[in-house]
Amino acid sequence: MTVWDVAVIGAGAAGMMAAATAGQRGAKTILLDHADQPGKKILISGGGRCNFTNLKADWTHYRSENPRFCRSALARYRPRDFLSLVEKHRIRWHEKEDGQLFCDESARQIVTMLEDECRAGGVQFQLGCSLSDIRHDGHVFTLDTSWGGVQARSVILATGGLSIPKLGATDFTLKMARQFGLRVVPPAPALVPFLLEEPWPDLAGVSLQVTASLVGRKKPVFTGGMVFTHRGVSGPAILQISSWWEGNEAVRLNLLPGQDAHEVMRTVCHQRPKAHAPALLEALPSRLVRVLIAGKLDDRPLAEQPGKAIRALAAEVNDWVLKPVGTEGYLKAEVMRGGVDTRDLSSQTMEARTVPGLYMVGEAVDVTGWLGGYNFQWAWASGVAAGQSA
Ligand code: FDA
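Being a predicted model, the structure only gives us computed values, none of them experimental.

### Details of the overall build of the chain
Here is step 1 of the chain: Check the secondary structure of the chain and you find 11 helices and 21 strands.
Here is step 2 of the chain: In terms of its C-alpha atoms, the chain occupies a principal-axis envelope of roughly 85 × 40 × 35 Å.
Here is step 3 of the chain: Expressed as a percentage of the 390 residues in the chain, the buried residues total 55%.
Here is step 4 of the chain: For the chain, the proportion of contacts with a sequence separation of at least 24, taken over those separated by at least 6, is 72%.
Here is step 5 of the chain: Here the chain has roughly 17,100 Å² of accessible surface; of this, 50% comes from carbon and sulfur atoms.
Here is step 6 of the chain: Averaging the locations of the 43 positively and 39 negatively charged side chains of the chain gives two centres separated by 2 Å.

Laid out in structure tokens, this is it:
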């Protein structure tokens, strides 16, 4: 039986990057995936245009039990390095906002680029290949697969997270990590919309800019869009804060970021005393304003409204507290948080500390990026770190 230098499991973002890196170093590399095509999550990412990196990516943009773990890999393979690769393949790109880089045309170009890089390293693809187990005899790993046994000196596990089960997400890396004695930080959906308790006023489709944080915590704080859904709330600021939500905290929203709502309202009352309550919040969507003023202010002109009621409304606008009852779960989550405990991995190489030759990369590791290209940058950087070492 052929003994491969490196077997990579999972032909997604991190796995293809790891395989290409190992192959181009001269390692005889095989890349296995149970899907019939590589990079399915890349194909649907960024609305089909793949937000492939973020120019600002550094360790401060990730959640982990061990926040500095990702620092080394991210510092050694930077957003500019991936951008150079994109440019080498003549893929046109643009910056949308806040350092987020997207393909001008299609996410397919990123998958094709990674396939080409793997080919340049002589990587053998084995798609449609299910794995049931991995064993290690102290020298060589044996992989039990639907294509038969595969032997390799090093194995890189890159099967990603649990989000979007219909794309074939599995917990294979977590299962193997536990089997080889590594710890796992409990996984949970992240970058995921919240559900609100019924009955909730029908605000579906209403969108606005907010600042979102969690009650009882100073950090993190995210400013960005929010949109009401039929069942709760979503949008960038909500998805970001969801990655820190532990399941019972309330979410604090400032509906007028950077403005003192009471000052705004006092100015309106002074300038337009005959106007009615909705005039106080003209910067906000009218459907939301109706919900906010209900039960606080009545139909009288502003000059006749009690100051106490206006102060209460202003306080709520700057500090609106929502109590989610749950999230949309892995069906809608962009990523999984938690995963292989980084205390059991080398931050330089992604190799398991107690199992030489076994590596874990990408989303399956307890490193979860912010929204905006950070998760792919982690996939590329951790894949390169493992591919250089395996
Ligand atoms: P990935 O999920 O990419 O790859 C895992 C691979 O392992 C898959 O090919 C899968 O088939 C295979 N696999 C799983 N189980 C297996 C098993 N048991 N046996 C064999 N193979 C197995 N991020 C970002 O930075 N910018 C963006 O624009 C987006 N957009 C986005 C949109 C949507 C809808 C989602 C769901 C996610 C994103 N993301 C994102 C997140 C990003 O897609 C994600 O973090 C990376 O793809 C993770 O890369 P990995 O290689 O770790 O897993």
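Having seen the structure, we can now continue with the description.
### Structural notes on the pattern of salt bridges
Here is step 1 of the chain: Evaluated as defined, the whole model comprises 18 salt bridges.
Here is step 2 of the chain: Of the charged contacts in the structure, one is a salt bridge between Asp298 and Arg300, with a shortest N-O distance of 2.8 Å.
Here is step 3 of the chain: Classification of Asp298 as partly exposed rests on a relative accessible area of 34%.

### A look at the UniProt feature "domain: RsdA/BaiN/AoA(So)-like insert" (unreviewed entry) in the chain
Here is step 1 of the chain: The UniProt feature table records "domain: RsdA/BaiN/AoA(So)-like insert" (unreviewed entry) at residues 189–335.
Here is step 2 of the chain: Helix makes up 26% of residues 189–335 and strand makes up 22%, while its end C-alpha atoms are separated by 6 Å.

### A closer look at the packing of helix α1 (residues 13–24) against helix α5 (residues 108–120)
Here is step 1 of the chain: One way to put it is that α1 packs onto α5 with a least axis distance of 7 Å and a crossing angle of 25 degrees. When the axis of α1 is compared with that of α5, the two are roughly parallel. Handedness of the crossing formed by α1 with α5: left-handed. Contacts between α1 and α5 pair Met16, Met17, Ala19, Ala20 and Gln24 from the former with Val111, Leu114, Glu115, Glu117, Cys118 and Ala120 from the latter.
Here is step 2 of the chain: Partitioning the contact of α1 with α5 into residue classes produces 8 nonpolar, 1 polar and 2 charged.

### Some words on the pairing of strand β19 (residues 335–340)
Here is step 1 of the chain: The buried fraction of β19 amounts to 6 of the 6 residues, a majority that puts the element mostly inside the structure.
Here is step 2 of the chain: Here strand β11 (residues 184–190) runs beside β19; their pairing, made up of 5 bridges, is antiparallel. Each residue of the ladder has a partner; that of Val185, found in β19, is Gly339.

### Thoughts on the packing of helix α4 (residues 79–88) against α5
How two helices sit against one another is set out by the angle between their axes and by the gap between those axes.
Here is step 1 of the chain: Closest axis-to-axis distance for the α4/α5 pair is 10 Å, and the angle between their directions is 90 degrees. Here α4 is positioned roughly perpendicular relative to α5, judged by the angle of their axes. Contacts from Phe82, Leu85, Val86 and Lys88 in α4 reach Ile110, Met113 and Glu117 in α5.
Here is step 2 of the chain: Broken down by class, the residue content of the contact of α4 with α5 amounts to 5 nonpolar, no polar and 2 charged.

### Digging into the site of the ligand
Here is step 1 of the chain: The immediate surroundings of the ligand are formed by 30 residues, with Ala14, Asp33, Thr170, Glu363 and Phe376 found nearest.
Here is step 2 of the chain: Glu334 is positioned with one of its side-chain polar atoms (N or O) 3.5 Å from a nitrogen atom of the ligand.
Here is step 3 of the chain: In the model, an oxygen atom of the ligand is placed 3.4 Å from a nitrogen or oxygen of the Asn375 main chain.
Here is step 4 of the chain: Of all the secondary-structure elements, those providing two or more residues to the shell around the ligand are α1, α2 (40–44) and α11 (374–389).
Here is step 5 of the chain: The dominant element in the shell around the ligand, judged by the number of residues it contributes, is α11, at 4 residues.
Here is step 6 of the chain: In terms of residue class, the shell around the ligand is made up of 13 nonpolar, 13 polar and 4 charged.

### A few points about the UniProt feature "domain: RsdA/BaiN/AoA(So)-like Rossmann fold-like" (unreviewed entry) in the chain
Here is step 1 of the chain: Taken from the UniProt record, the annotation "domain: RsdA/BaiN/AoA(So)-like Rossmann fold-like" (unreviewed entry) applies to residues 5–388.
Here is step 2 of the chain: Annotated as residues 5–388, this span is 28% helix and 24% strand, and its ends, taken at the C-alpha atoms, are 12 Å apart.

### A short note on the state of the cysteines
Here is step 1 of the chain: Following the criterion strictly, the structure yields 0 disulfides and no others.
Here is step 2 of the chain: Looking at Cys70, it has no disulfide partner, and the nearest cysteine sulfur is the one in Cys50, 19 Å off.

Parameters and conventions
In every chain, residue numbers begin from 1 and rise along the written sequence. Local features in this predicted model are restricted to residues of pLDDT 70 or higher, and side-chain atom pairs are both shown and tallied only at a pLDDT of 80 or more, whereas totals for entire chains, interfaces and linings draw on every residue. Water and hydrogen atoms play no part in the side-chain values, which are based on all heavy atoms of the structure. In DSSP terms, a helix is any run of H or I states spanning at least four residues, a strand is any run of E spanning at least two, and both are numbered starting from the N terminus. Three labels apply to residues, based on accessible area from a 1.4 Å probe with only protein chains included: buried if under 20% of the type maximum, exposed if over 50%, partly exposed otherwise in between. We call two residues contacting when some pair of their heavy atoms lies within 4.5 Å. Only the protein chains shown count as cover for residues, and the accessible areas themselves come from Shrake-Rupley with a 1.4 Å probe. Think of it this way: Lys and Arg go in the positive column, Asp and Glu in the negative one, and His and the chain ends go nowhere. To locate a charge, take NZ of a lysine, CZ of an arginine, CG of an aspartate or CD of a glutamate. Salt-bridge detection follows one rule: a side-chain nitrogen of Lys or Arg within 4 Å of a carboxyl oxygen of Asp or Glu. UniProt positions are given in the numbering used here, feature names are shortened, and annotations may be inferred rather than shown by experiment. Each axis is a line fitted through C-alpha atoms, taken for helices only over the stretch in contact, and angles between the N-to-C directions span 0 to 180 degrees. These descriptions rest on fixed angle ranges, namely under 35 degrees for roughly parallel, over 145 for roughly antiparallel, 65 to 115 for roughly perpendicular, and the rest for oblique. Handedness of a crossing is defined here by the sense of rotation of the near helix relative to the far one, left-handed for an anticlockwise turn of less than a right angle and right-handed for a clockwise turn. Throughout this entry, Asp, Glu, Lys and Arg are counted as charged residues, while Ala, Val, Leu, Ile, Met, Phe, Trp, Tyr, Cys and Pro are counted as nonpolar. The remaining residues, Gly among them, count as polar. Only strands that DSSP links by at least two bridges are regarded as paired with each other. Nearness is defined per residue: one heavy atom within 4 Å of the molecule or strand is enough. Pairs of N or O atoms within 3.5 Å make up the polar contacts considered here, provided that, within protein, one atom can donate a hydrogen while the other can accept it, and that residues adjacent in sequence are counted only when both atoms are side-chain atoms. Disulfides are defined as pairs of cysteine sulfur atoms found within 2.5 Å of each other.

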